[in-house]
Amino acid sequence: MNRAALFDVDGTLTDTNHLHVTAWWEALRQCGHRVPMHAIHRAIGLPGEDLLDHLLGEDRDHGDDDRLSGAHDTLYATYFDRLPALEAAADLLRTLAGAGWKVLLVTSAKDSELGALRRAIDADDAITDTATSDDVEEGKPAPDPVHHALELARVPPERAVFVGDTVWDMKAAVRAGVAGVGLLCGGIPRYDLEEAGAAAVYGDPADLLAALGDSPFSDVPAA
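Remember, predicted model here, so these are calculated numbers, not experimental data.

A. Looking closely at the pattern of salt bridges. All told, the structure shown has 10 salt bridges when counted by the stated rule. The partner of Arg-42 in a salt bridge is Asp-192, with the nearest N and O atoms 2.3 Å apart. You can see Arg-42 sitting in helix H2 (residues 37-43) and its partner Asp-192 sitting in helix H9 (residues 190-195), a full 150 residues away along the chain. Of the charged contacts, one joins Arg-60 and Asp-53 as a salt bridge, the two residues approaching to 2.4 Å between their closest N and O atoms. Across this residue pair, the class does not change: Arg-60 and Asp-53 are buried. Three or more residues are tied together by salt bridges with common partners; here these are Asp-8, Lys-140 and Asp-169.

Laid out in structure tokens, this is it:
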């Protein structure tokens, strides 16, 4: 039977959350919005429109949304040639793929960003497929991206583990019936990840790789 290892990307496999915070802060500033960086950090992981709803309210004037998203995308794209992968991210994906897991990326990143992120991780040989926010009607914390990834992998929820770094990741995993593993490298506290439903929490990909045999991955038998 197949097993699926589902991974968020920003903040989970790449050290990019604070680049997004800076890009969104500047985009918001350019449009006259004063939003503290700590609030933006907590919203990272949501799709763009949902992030703006979270920060500015759903009853705001949506007329600037395209300008805000465009400014963020332009600013973030200036880092595309130097996005940093987190330590052992590629090793973790290859280890799981070598053990027979289907490895899928489940991300709120737009398709335009995903190529740069995959180049940073440099483990395309281990990646089976990707599910982005462009593929579904609702992004995380809705379960839709996780459900889509399960369909791509052709596995039931109990045969999958989802690794992410935000409360949105953990809530999406819980709602999809998938075991969620939280990583602290995205900057969200352990307590928040556990409150959102994380079955286990590790420091970063290297920490998870070292503990793989005792992690929720070990609870899904090969057959």
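B. Main features of the sheet that holds strand S6 (residues 200-202). As summarised here, the arrangement of the six strands in space is S3-S2-S1-S4-S5-S6, forming an open sheet in which the pairing is parallel. Every other strand in the sheet has two partners, leaving strand S3 (129-132) and S6 as the edge strands with one partner each. Strand after strand, the sheet turns through a mean of 25 degrees between neighbouring axes, direction not considered. Relative to strand S5 (residues 179-183), strand S4 (residues 160-164) runs parallel, the two sharing four bridges. Among the inter-strand pairings, Val-163 is bridged to a residue of S5, identified as Val-181.

C. How the structure looks around the environment of Asp-135. You can see Asp-135 is positioned in the loop between S3 and helix H7 (144-153). Asp-135 gets classed as partly exposed once you look at its relative accessible area, which sits at 39%. A sequence separation of 27 residues divides Asp-135 from Ser-108, and the C-alpha atoms of the two residues are 9.9 Å apart. Excluding its chain neighbours within four sequence positions, the residues that come into contact with Asp-135 are Thr-130 and His-148.

Quick notes on the rules
- Residues numbered from 1 in each chain as written.
- Predicted model: local features only at pLDDT ≥ 70, side-chain atom pairs only at ≥ 80, totals over all residues.
- Heavy atoms only, no water.
- Salt bridge = Lys/Arg side-chain N within 4 Å of Asp/Glu carboxyl O.
- Helix = DSSP H or I, 4+ residues; strand = E, 2+ residues; numbered from the N terminus.
- Buried < 20%, exposed > 50% of the residue type's maximum accessible area, 1.4 Å probe, protein only.
- Pairing = 2+ DSSP bridges.
- Axes fitted to C-alpha atoms, helices over the stretch in contact; angles between N-to-C directions.
- Contact = heavy atoms within 4.5 Å.

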